[in-house]
Structure formats: structure tokens, C-alpha cells
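# Structure at a glance
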Amino acid sequence: MQRFEGKTVLVTGGSSGIGLATAQAFAKEGAQVVITGRDDATLATAVAAIGSKAIAIRADSQSLADAKALGQSLASRNLRLDAVFINAGIAKFAGLADVTEDFFDAAFGINVKGPFFQIQAIAPLLNRGAAIVLNGSINAHIGMPNTTIYAASKAALVSLAKTLSAELLPQGVRVNVVSPGPVATPLYGKLGMDSDTLNSVAEHIRSQIPLGRFGTPEELASTVLHLSAPESAFIVGTEIIIDGGMSQL
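Residues numbered from 1 in each chain as written. Predicted model: local features only at pLDDT ≥ 70, side-chain atom pairs only at ≥ 80, totals over all residues. Heavy atoms only, no water.

As a reminder of what qualifies: UniProt positions are given in the numbering used here, feature names are shortened, and annotations may be inferred rather than shown by experiment.
Taking an unreviewed UniProt entry as the reference, the chain is identified by name as NAD(P)-dependent dehydrogenase (Short-subunit alcohol dehydrogenase family) belonging to Silvimonas terrae. Note on the chain: under the UniProt heading Sequence similarities (unreviewed entry), the record states "Belongs to the short-chain dehydrogenases/reductases (SDR) family."

### Observations regarding the packing of aromatic side chains
Any two aromatic rings considered together are summarised by their centre-to-centre distance and by the angle between their planes. Note the cut-off: Stacked, tilted and edge-to-face are the three classes applied to pairs of Phe, Tyr and Trp rings, where Trp contributes its six-membered ring and a pair requires centres within 6.5 Å; stacked means planes under 30 degrees apart, edge-to-face means over 60, and tilted covers the rest. Counting from the N terminus, the helices are DSSP H or I runs at least four residues long and the strands are E runs at least two residues long. Think of it in three bands: with a 1.4 Å probe and only protein chains considered, a residue is buried below 20% of the maximum accessible area for its type, exposed above 50%, and partly exposed in between.
Evaluation of the coordinates by the stated rule reveals four aromatic pairs. With centroids separated by 4.9 Å and ring planes inclined at 80°, the aromatic side chains of Phe4 and Phe26 adopt a geometry described as edge-to-face. Within this pair, whereas Phe4 is found in the segment before β1 (8-12), its partner Phe26 is found in helix α1 (residues 17-28), the two being separated by 22 residues in sequence. Each member of the pair, Phe4 together with Phe26, is buried. With centroids separated by 4.7 Å and ring planes inclined at 10°, the aromatic side chains of Phe104 and Phe108 adopt a geometry described as stacked. Of this pair, Phe104 and Phe108 are both found in helix α4 (residues 101-122), four residues apart, which corresponds to roughly one turn of the helix.

### With respect to the nonpolar core
Where we set the bar: Throughout, nonpolar core names a set of buried Ala, Val, Leu, Ile, Met, Phe, Trp, Tyr and Cys residues whose side chains join them through atoms within 4.5 Å. The contact criterion used throughout is that any non-hydrogen atoms of two residues lie within 4.5 Å.
Of all hydrophobic cores here, the largest spans 28 residues; its most connected members are Val11, Phe26, Val33, Ile35, Phe85 and Val178. Of all the secondary-structure elements, those providing two or more residues to this core are β1, α1, β2 (32-37), α2 (40-50), β4 (81-86) and α7 (217-228). Counting residues per element, this core draws most heavily on α1, which supplies six residues. In this structure, Phe85 is in contact with Leu10, Val11, Thr12, Ile18, Thr22, Val133, Leu134, Asn135, Val178 and Val224, ignoring residues within four places of it in sequence. Ranked by size, the runner-up nonpolar core spans 25 residues in total, among them Val84, Leu126, Ala161 and Val175.

### Description of α7
As a reminder, the rule being used: To estimate the expected span of a helix, subtract one from its residue number and multiply by 1.5 Å.
Counted at 1.5 Å a residue, the expected span for α7 with its twelve residues is 16 Å, and the 16 Å between its end C-alpha atoms agrees. When we look at burial in α7, the residues that qualify are Pro217, Leu220, Ala221, Thr223, Val224, Leu225, Leu227 and Ser228. At its buried positions, α7 is contacted by α1, β4, β5 (126-135), β6 (174-180) and β7 (239-242).

### With respect to the pattern of salt bridges
To keep it simple, the criterion reads: Here, a salt bridge means any Lys or Arg side-chain nitrogen found within 4 Å of an Asp or Glu carboxyl oxygen.
Using the criterion set out here, one finds five salt bridges in the structure. Between Glu29 and Arg3 there is a salt bridge, with its nearest N and O atoms 2.8 Å apart. Placement of Glu29 in the loop between α1 and β2 and of Arg3 in the segment before β1 is noted, with a sequence separation of 26 residues between them. Arg3 gets classed as partly exposed once you look at its relative accessible area, which sits at 22%. A salt bridge links Arg206 to Glu203, with the nearest nitrogen and oxygen atoms 2.7 Å apart. With Arg206 and Glu203 both in helix α6 (residues 195-206), this residue pair falls three residues apart, about one helical turn. For Arg206, a relative accessible area of 30% corresponds to the partly exposed category. Given a relative accessible area of 44%, Glu203 falls into the partly exposed group. What emerges from the salt-bridge pattern is a single network uniting Arg3, Glu29 and Glu231.

In C-alpha cells:
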């Protein structure tokens, strides 16, 4: 299938994990893909993996200045967008007594403020019929200890999908959310745990997934593409949960 032939797509946090898998999937279906990330070397590696039509723009997802600069960079290249995957985010966990103001501000700065102002900056560049997909989390729906701030930040994205859809519909733009359960990505290696602890935590999580395994970035990517394609033109302000039944069964 070449559903995105002649289309231009933006994937924030597109240099690894779910973002990279999604960028590759868009490129395989004909899209020109713009990815963002904070590390030049990682971005260069990702561009090589995506293909010759990929463009990398260095941007910090919590920086309002970078959000505006990204919009200006796209405009200077005469690029208009047909699909956007707001994927950049962080997952850090702490119990109630251990949450600091800096911890709170970092989570909401990257997971909520960043996405909102990035969408604001690129809204004038969205073609009629464009689709925005936000990357949420099942933690917005389950009472998992030590995830209070992370879960709240992801719940805010679910709300944004509805309110921004209502606001952008006159422009012909849809907004939806994919909410992953546990997915095998490099994110799990950034939680500050030693390998034994990380393996123990992963096994405990796996035991709670009815399908008995973690999801893959490619499985998430396929749903993002579905929500971004014309076949989903009647899906607006909706959340699709992709968690192997973890929050459903």
C-alpha cells in the first residue's frame, strides 16, 4: 500500500523506538518524513534507517522556542503537513512523597506543554484533511502506584485530542490518541534500573498482559498510520488503546 504517496508527515521524537518505527512505516508507504530529536548523531542514524526522503530537525520537545523554530523551518522549506505524530515524551515514576516540583514540571513540560505548543506552531501548516495522532498511555486509565504524575500528563493528552479536534475541525484536521501498554522500546532502558531489577520489573509487567508479551513499536506504528490515513476520516477525538488487553480484561 502507498497511502501516503506525495504526503508529508512529521514525527516528533522520531529517532528511536515507537517514533522511529512509525517514521519508517510512513516512509515505506511513500511519505516524506520529518523527524525531530535532541541528539544529532541519533537523528543521523535514524535518517539512514528511514530512507532518502527523510529530514531531521533537531528540537527539544519541551522548548517553546524549538517548537516555533520547527514550524518556521518547515515553512522555509515550503513544507505543508498531511499527518503529525506527536510522540516525544518521557516516562519517569516516583511515589507521592518523592515527587518534587522539578519532577512535576519536567513531566508536564515534555508530555503536555510541549505537544500543545508544537501543535500550535504547526497548525498553520496543516493541509485540509490532515490528521494529528498523540501518543498517550494506558497509565491514564489504571491506578498503578508511582505513576501519578506520568499518568496525569497522559490523561491530559486524551483530553487534548477531544478539545483540539473540536477546535481544528473547521480547518479539516482530526486529532486522535493511541495509548500503548508495555512496548519493547529503548525507553525501558532509561528508567535508571540495573539489569536484574529491570528484568524483574519487565517480567512482573508481562505477567499482567493477557497476551503474555510486550507490544512492538511496529504494532503501534500500524495503528498510527491507520488513524492518519483517509480510511479513518470518520474517527475524531478518539483514543485507541493498544495494550494486549492489559487494561481491558
